[in-house]
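In case you want the letters, here they are:
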Amino acid sequence: MSKKVIDKLVKQHGARNRKDIVRGVDAAKKVWDFKKKPQSQFEAFCLEQYVPPGKNRVQLLQRLDEFHNSIAGNMGMSVKIARAGQDIADRPLTPAESVLAAFSPDSHLSEDYRDSNISALAQLNFGTDDRTPPKNRDAWAARRMGDLGRKVVPAKLLAEHTEAQAKVDKFISSYNLYIDQIDFGDPKVKFPKGTKLISHWGLRDYMMEQNGQKDALAKQHAILGLMRRVVDGEIPKEILDNPKAKWSIPKKKVTIGSKSIPAKGHGALRWDNFRGVWKTIKKIDPYRRYKNLIDEKFEVEREVSEKKIVKILTDILSSPLATRVANFVSDQLGRPLEPFDIYYRDFVKEGVGKKPLKFDIKKKYPTSKALEDAIPDVLVKMGWDRKRAKWIGSKIRVDNGRSAGHAWSPRCPEDLQLLRCRVDKDGCDEINFETYMHELGHCVEGVLSSYELDYKALWSVPNTAFTEGFAFTFQDRTDEILGRGKREVSDRTVLLRFWQPFEIGGSALTEIRFFHWLYKNPNATAQQMNNAIRRIGDELWEEFYARIFGPDSHGLMSIYSHMLWGDFYLAEYPMGYVIAYQIQKYLEGKSLAKEMERMCGQGSIYPESWMKNAVGSEISVKPLLTDTKKALKNLGY
C-alpha cells in the first residue's frame, strides 16, 4: 500500500535516503486515520511533509520542540492549577475541588494531534522503533520527538482515568487516623493530643520515631496493629479523618459526641477505590503500544526491562547479607527484631534516637513559605554558590500539601517546579522536614533537567527512579542541614543503603505480582483484590522476610498507598535506591553541586546511557552488595 509513495519519495530525495523514507512512511501509517482520510491524502501528505536528514530536519525538530512544549506544557501547568485546591492544605477543600481536580485540559490533545496530522508529521520524520543510543543531542531530541503522537488514547478515556485517580487521591489524602482518640486497651499506649497520622506514611514514620522512647514497644505494636487493620479493612469508616470520633478497640465501639455505635470495619474500601482506576486502565490498554500497563511501564516509561528490575529486586531480597544486617539492627535496638523493624532507619548513630536540635524547628519553619525561603541556604550548604542557589530556589514553590509530600516538575518555561510537604498549624516538625528534603532533591533535579536544556523534548530524567535517586541523596543530608553535623559515608551508612531497598523492594515485588494477577483476573471484585494482594504479600513475606522477622507479615507488604493510584510506581523506589547508591558512590570526594548539574544536564536520554555517562557504568546492584559485605566485615558482622 505504501510502495508507491516510497518510490516517489526515493525519486524525489535520492536512493541514499530510502531506508529513512521506509522508516518514516511506515511510522506515519501507524497513526494515520484511514477511515477519515483516504490513502490518496496520506500519499500527498508524505510527499509534501517528508524532510530528509540534514539541516532542514533539524529546523523541523526545533520547531516541533517549541510547538509541542508550548501546547502540552501550558496544559500541564493548567492541571496544577486545577488540582491546587485538592492538593494544597491551606486552601478550603470544598466539594467543588473534586470536580475541578478531575478536569484534564490535555485529554483531547493526542486526538487533536492525530486529526490535524501533527502526529503523522512527527512520525514521518522522527518515528522509529530503533533503541540504539544516539550519538549527539539533535539525535537524542529526535528520538524523543519520535514518540510524539504514537499513542492516541480517546479523550473520553483519559478524562475517566483522571477522574478516577482524583477520587483515589482524595481518598488517600483523607485516610488520616487520630490515634490519640483510639483506646488500644493498653494503659501504656497513650499518644499526644491531636496526633493525626496518614496511612501509610504517617503511621510508618511515627512508629519508628518511638524507638528509644518510653513504652516504645507497646506503642509500636499498637500502630502495627492499625497498619494490619488498614490492609484487612478493619478500620471503622467513621473514624477516618475525624478528630471527634473515639474508637475503643477492646469494646468494639465508635463514639461521636454522646452517640455510640458498633465498630464495623470499612472492608475492601481501599480496593473499591482502586477498582475505579483499574476499570479505566483496562479501557486504555488497547491503545497502548504493548496493550497492557505492565509492559508499557517497563518498556516505554522506565525503558528498563521487567526481567532486569525483578532480578535486581530479587538479588537484594534473597541476599544472605540481609540476615547479617538484621543482626546488626537487633544489636542496635537491644532486642529481637519485630516485623515493623523492616522500617528501621537509625543506622548511622550509636544506639537509637537523635540528639536534640539547638533550635525549635517549628518556629524556624512555621509555614511552607519559610521552607521555600530556606531553599537557597540549604543549597549553599550542599555546595552551590549563592547566586546559583538563589536562581534554583526562584524556580521552586513550596506548598503545604494535604498528602505526605510530592514534587511536580515544570512543564514549560513559564511554569514552576512545585514542592509539597505537610506543615502543621504549629510549624514543620522533623518528620515533615525530612520529607521536605526528599522532595527538594526531586525539585532541584527538576530545575536542573529542564529550564536550561537545549531541547524541551529532553526535559526531565530517564524515568522516575532517577529522580528518586537524587531525592534520597538530599534526604540523607537532613541532619547536616539541621545542624547535627555532616554525616560521613561510613560502614553504618552502607548498611542503611542496603536496608532501604531491602524494605521497599518487597512491596514493589508484591505490586508487580499483583498486577500480573489482575491481568489474569481482570473482573475481580474489590474484596477479591483485597484478598489477592494480602495473599501475594504474605507469600512474598514468607519467601524473603520470614527468616528474619517471623512468619506473620501483618499485611506490611500491601500497606503502601501508592498501589491504589494504579500508577504501578513502587519499583521506582528500590531502583531509586540502587541508582542513588551508584551516584553517591561516584560522588565521594566530588562536588555534589557540580556533578548533579552535569548529570541532570543530560536530560531524559535512555537510562543505561544516562548512567554510563553519569557514573561510568550501567545500572547495577553489585556495587551496593559488594560494599555491604565489606561494611559488615568491618563492623564485626
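Residues numbered from 1 in each chain as written. Predicted model: local features only at pLDDT ≥ 70, side-chain atom pairs only at ≥ 80, totals over all residues. Heavy atoms only, no water.

Student: Quick question: what am I supposed to make of the nonpolar core here?
Tutor: Trp384, Tyr436 and Phe514 are the most contacted members of the largest nonpolar core, which totals 196 residues. At 14 residues, helix α23 (residues 491–520) tops the list of elements feeding residues into this core. Dropping the residues within four chain positions of it, Phe514 is found in contact with Trp271, Phe274, Met529, Ala532, Ile533 and Ile536. (Core = buried A, V, L, I, M, F, W, Y, C linked by side-chain atoms within 4.5 Å. Buried < 20%, exposed > 50% of the residue type's maximum accessible area, 1.4 Å probe, protein only. Helix = DSSP H or I, 4+ residues; strand = E, 2+ residues; numbered from the N terminus. Contact = heavy atoms within 4.5 Å.)

Student: What am I meant to see in the packing of aromatic side chains here?
Tutor: Ring pairs (aromatic) are described by centroid distance and by the angle formed between their planes. This model, assessed by the stated rule, comprises 41 aromatic pairs. Taking the centre distance of 5.8 Å and the plane angle of 90° together, the rings of Phe298 and Phe568 count as edge-to-face. Linking Phe298 in helix α13 (residues 293–302) with Phe568 in the loop between α26 (562–565) and α27 (572–587), this pair joins segments that are 270 residues apart in sequence. Across this residue pair, the class does not change: Phe298 and Phe568 are buried. Summarising the aromatic geometry, the rings of Trp499 and Phe549 are spaced 6.1 Å apart at their centres and angled 65° between planes, so their arrangement reads as edge-to-face. Pair noted here: Trp499 is in helix α23 and Phe549 is in helix α25 (residues 546–549), with a separation of 50 residues, a long-range link. Of the two residues, Trp499 and Phe549, neither departs from the other in class, the shared state being buried. The aromatic ring of Phe359 is capped on one face by Lys364, whose charged end is 4.6 Å from the ring centroid. (Phe/Tyr/Trp six-rings, centres within 6.5 Å; stacked < 30°, edge-to-face > 60°. Lys NZ or Arg CZ within 6 Å of the ring centre and 35° of its normal.)

Student: Even after reading the chapter, I still don't get α23, so can you show me in this structure?
Tutor: Residues spaced three or four apart along an α-helix point in a common direction, a consequence of the helix completing one turn every 3.6 residues. A rise of 1.5 Å per residue sets the reference length of α23, with its 30 residues, at 44 Å; its end C-alpha atoms lie 44 Å apart and thus fit the reference within 8%. Approximately 30° is the largest bend angle found in α23, and it occurs at Gly505. Judged by how many residues are buried, α23 sits mostly within the fold: 25 of 30 residues are covered. (Expected span 1.5 Å × (residues − 1). Bend = angle between axes of the 7 residues up to and from the residue.)

Student: Is there a simple way to think about the environment of Phe549 in this case?
Tutor: By relative accessible area, Phe549 is classed as buried at 6%. Considering only alpha carbons, one finds Phe549 and Thr128, 421 residues apart in sequence, at a separation of 49 Å. Look past the residues within four positions of Phe549 in its chain and what remains in contact with it is Leu337, Glu338, Pro339, Asp341, Ile342, Trp499, Phe502 and Trp541.

Student: What's the story with the pairing of strand β6 (residues 259–262) in this structure? I'm lost.
Tutor: Sheet topology note: the strand β5 (residues 253–256)/β6 ladder contains four bridges and is antiparallel. Looking at the pairing, Ile256 lines up with Lys259 of β6. The turn linking β5 back onto β6 is made up of two residues, and Gly257 within it adopts a positive phi angle of 70°. (Pairing = 2+ DSSP bridges.)

Student: Help me understand the side chain of Ser558 in this model?
Tutor: Tracing the sequence through the fold places Ser558 in the loop between α25 and α26. Ignoring sequence-local partners within four residues, the contact set of Ser558 consists of Val231, Arg270, Ile533, Arg534 and Met563.

Student: Is there a simple way to explain the packing of helix α20 (residues 430–448) against helix α28 (residues 592–600) in this structure?
Tutor: When two helices pack together, their arrangement is given by the angle between their axes and by how far apart the axes lie. Contact geometry for α20 and α28: axes closest at 9 Å, N-to-C directions at 55°. As judged from the angle between their axes, α20 and α28 are oblique. Regarding α20 and α28, the two cross each other, and that crossing is right-handed. Counting all contacts with α20, which are made through Gly441, Val444, Glu445 and Leu448, the residues of α28 involved are Met596, Glu597 and Cys600. Per-class residue counts for the contact of α20 with α28 are four nonpolar, one polar and two charged. (Axes fitted to C-alpha atoms, helices over the stretch in contact; angles between N-to-C directions. Parallel < 35°, antiparallel > 145°, perpendicular 65-115°, else oblique. Left-handed = near helix turned anticlockwise from the far one by under 90°. Nonpolar A, V, L, I, M, F, W, Y, C, P; charged D, E, K, R; others polar.)

Student: Sorry, what's going on with the sheet that holds strand β8 (residues 405–408) here?
Tutor: What links the strands of a sheet is backbone hydrogen bonding, and the strands pair in either a parallel or an antiparallel sense. If you trace the three strands from one edge of the open sheet to the other, you get β7-β9-β8, paired in mixed fashion. The strands lining the two open edges of the sheet, one partner per strand, are β7 (396–400) and β8. On average, each strand axis in the sheet is inclined to that of its neighbour by 15°, with strand direction left out of account. Running at roughly 170° to β8, helix α4 (residues 55–87) makes contact with β7, β8 and β9 (417–421) of the sheet.

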